[in-house]
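This is what each chain is made of:
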Amino acid sequence: MNQTATTWRFGLVVIATSIAAIAVACGSNTNSRTTPVPATAATPMSASLAGKITVFAAASLTDAFKQIAVDFEAANPATSVEFNFGGSPALVAQLDQGATADVLATADQKNMRAALDKGLVRDAGVPFAKNRLVIIVPKSNPAAIASAMDLVKTGVKLVLAQQGVPVGDYARQSIAKLGADAGYGAAFSRKVLANVVSEEPNVKAVVTKVQLGEADAGIAYVTDVTAGVAGDVTMLPIDDQFNVIATYPIAITRHAGKRDVAQAFIDFVLSDTGQGVLKRYGFISVN
């Protein structure tokens, strides 16, 4: 074969190879733009949850619920959760005055029943967490409080939440239990309550007073001694027989705008994932 023919055939091969490569490349680009990703069980479909909800929640739920919202939104990317945290009676009052929310979570069943009686929620809700009380004192402990017995000492500045606020009611119930025990004496409850120097609107305010050294002691939930607080306060346990276990219910509000998302959020709180978050933040799981 002469050199001209060989050169001619080699040229045809190069051209053919180049055309094939271009065709493959063009085909690949076209597919990347127009071919949908095959649907799988994990792929969100058009019927997936979407929309924003507002959750009114007891102040003691702040850290745990913020983490639950992160996890919920990660599992449902088209949703978003906003919060209003406060004392349970204040939240009910805000709803009664026309505030808009999709979910209500209180730190007691009393305030949830009040919301139901006012027609603010669709039902009495479902319990999703429990909590327990603890005495807290500043790290410096200027009043030298070592146990509940020391709360009767003259001059002790004790701070509680207001009556009607769940943690305030629970604290007073616990004090009454202590006073009914012969080991503490009939005058115990009266003397402790006489040392109350401030009544706060929610449990976070109680903790802040103690943390700043504006009180010698307070009664709060164990869950409120968070990592950001633990360096400034010391917890003193209240024995089981004198403690009061708080039960938290959660419900969809009567005028919820996104009931499907609201129900999905409640289901997520009740799920193993949600309960796991609550346990990590010190709550007692209902599962």
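What counts as what
Residues numbered from 1 in each chain as written. Predicted model: local features only at pLDDT ≥ 70, side-chain atom pairs only at ≥ 80, totals over all residues. Heavy atoms only, no water. Pairing = 2+ DSSP bridges. Helix = DSSP H or I, 4+ residues; strand = E, 2+ residues; numbered from the N terminus. Axes fitted to C-alpha atoms, helices over the stretch in contact; angles between N-to-C directions. Contact = heavy atoms within 4.5 Å. Left-handed = near helix turned anticlockwise from the far one by under 90°. Nonpolar A, V, L, I, M, F, W, Y, C, P; charged D, E, K, R; others polar. Salt bridge = Lys/Arg side-chain N within 4 Å of Asp/Glu carboxyl O. Buried < 20%, exposed > 50% of the residue type's maximum accessible area, 1.4 Å probe, protein only. Phe/Tyr/Trp six-rings, centres within 6.5 Å; stacked < 30°, edge-to-face > 60°. Arc of directions from axis to C-beta. Polar contact = N/O pair within 3.5 Å; in protein donor to acceptor, adjacent residues only side chain to side chain. Core = buried A, V, L, I, M, F, W, Y, C linked by side-chain atoms within 4.5 Å.

> Before we go on, may I ask you to explain the sheet that holds strand 6 (residues 158–161) in this structure?
Pairing between the strands of a sheet is mediated by backbone hydrogen bonds and can be parallel or antiparallel. An order of 7-6-8-5-9 is seen for the five strands of this open sheet, with the pairing classed as mixed. Across the chains shown, the open sheet's two edge strands, defined by having one partner strand only, are strand 7 (196–200) and strand 9 (233–237). Taking the axes of each pair of neighbouring strands and ignoring which way they run, one obtains an average angle of 35° across the sheet. Docked against the sheet, helix 5 (residues 166–179) engages strand 5 (133–138), strand 6, strand 7 and strand 8 (217–221), running at close to 115° with respect to strand 8. Running over the sheet, helix 7 (residues 203–211) touches strand 5, strand 6, strand 7, strand 8 and strand 9 and is turned about 145° from strand 8.

> How should I be thinking about the packing of helix 2 (residues 62–75) against helix 9 (residues 259–270) in this particular structure?
Packed helix pairs are characterised by how far apart their axes lie and by the angle those axes make with each other. The contact between helix 2 and helix 9 brings their axes to 10 Å, and the two run at 115°. Here helix 2 runs over helix 9; the crossing is right-handed. Listed contacts from helix 9 to Phe65, Ile68, Asp71, Phe72 and Ala75 of helix 2 are Val261, Ala264, Phe265, Phe268 and Val269. Residues belonging to the contact of helix 2 with helix 9 are distributed by class as follows: nine nonpolar, no polar and one charged.

> Explanation requested: the pattern of salt bridges in the structure shown.
Tallied over the entire structure, the rule returns seven salt bridges. Glu82 is the partner of Lys52 in a salt bridge, and the nearest nitrogen-oxygen pair spans 3.7 Å. You can see Lys52 sitting in strand 1 (residues 51–58) and its partner Glu82 sitting in strand 2 (residues 79–86), a full 30 residues away along the chain. A salt bridge links Lys209 to Glu214, with the shortest nitrogen-to-oxygen separation between them at 3.5 Å. Its relative accessible area of 43% is what places Glu214 among the partly exposed residues.

> What is the right way to read the packing of aromatic side chains from this model?
Think of a pair of aromatic rings as described by two things: how far the centres are apart, and how the planes are tilted against each other in angle. One pass over the structure, following the stated rule, counts 13 aromatic pairs. Measuring from centroid to centroid gives 5.6 Å for Phe72 and Phe268, while their planes differ by 75°, and the two rings are edge-to-face. Of this pair, Phe72 sits in helix 2 while Phe268 sits in helix 9, and the two are 196 residues apart along the sequence. Each of the two residues, Phe72 as well as Phe268, counts as buried. Following the ring pairs from residue to residue traces out a cluster consisting of Phe65, Phe72, Phe83, Phe85, Phe128, Tyr170, Tyr221, Tyr248, Phe265, Phe268 and Phe283.

> Would you mind going over helix 4 (residues 109–117) with me for this structure?
Owing to its 3.6 residues per turn, the α-helix aligns residues three or four sequence positions apart on the same side. When helix 4 is considered as a whole, its buried residues turn out to be Asn111, Met112 and Ala115. Across the axial projection of helix 4, the buried residues extend over an arc of 105°, all falling on one side. Its buried side turned inward, helix 4 meets helix 3 (88–96), strand 3 (103–105), helix 5 and strand 10 (246–252).

> Which parts of the structure should I look at to understand unusual backbone geometry?
Only a minority of non-glycine residues have a phi that is not negative, and only a minority of peptide bonds are not trans. Unusually for a residue other than glycine, Asn141 sits at a positive phi of about 45°. Tracing the sequence through the fold places Asn141 in the loop between strand 5 and strand 6. One non-glycine residue, Ala144, adopts positive backbone phi at about 50°. Turning to its location among the elements, Ala144 is positioned in the loop between strand 5 and strand 6.

> Sorry if this is basic, but what is going on with helix 7 here?
Of all the residues in helix 7, the buried ones are Val203, Ala205, Val206, Val207 and Val210. At the N-terminal boundary of helix 7, the capping side chain belongs to Asn202, with an oxygen 3.1 Å from the backbone nitrogen of Lys204. Phi turns positive, to about 80°, at Gly213, one or two residues after helix 7.

> Looking at this model, I keep getting lost on the nonpolar core. Mind explaining?
Across soluble globular proteins, nonpolar side chains have a tendency to be buried as a group. Ranked by size, the top nonpolar core spans 70 residues in total, and within it Leu61, Phe65, Phe128, Tyr248 and Phe265 carry the most contacts. Core analysis: the next-biggest nonpolar cluster, separate from the first, contains eleven residues, Phe56, Ala101, Leu120 and Val121 among them.

> Would you mind showing me how to read the sheet that holds strand 2 here?
Pairing is mixed across the open sheet formed by six strands, whose spatial order is 2-1-3-10-4-11. The open sheet terminates on both sides in strands that have one partner only, identified here as strand 2 and strand 11 (284–285). Of the pairings in the sheet, the one linking strand 1 to strand 2 comprises eight bridges and is parallel in character. Its bridge partner lying in strand 2, Gly51 is registered against Thr79. Relative to the sheet, helix 2 contacts strand 1, strand 2, strand 3, strand 4 (126–131) and strand 10, its axis offset from that of strand 2 by approximately 175°. Of the strands in this sheet, strand 1, strand 2, strand 3, strand 4 and strand 10 touch helix 9, which is tilted by about 155° from strand 10.

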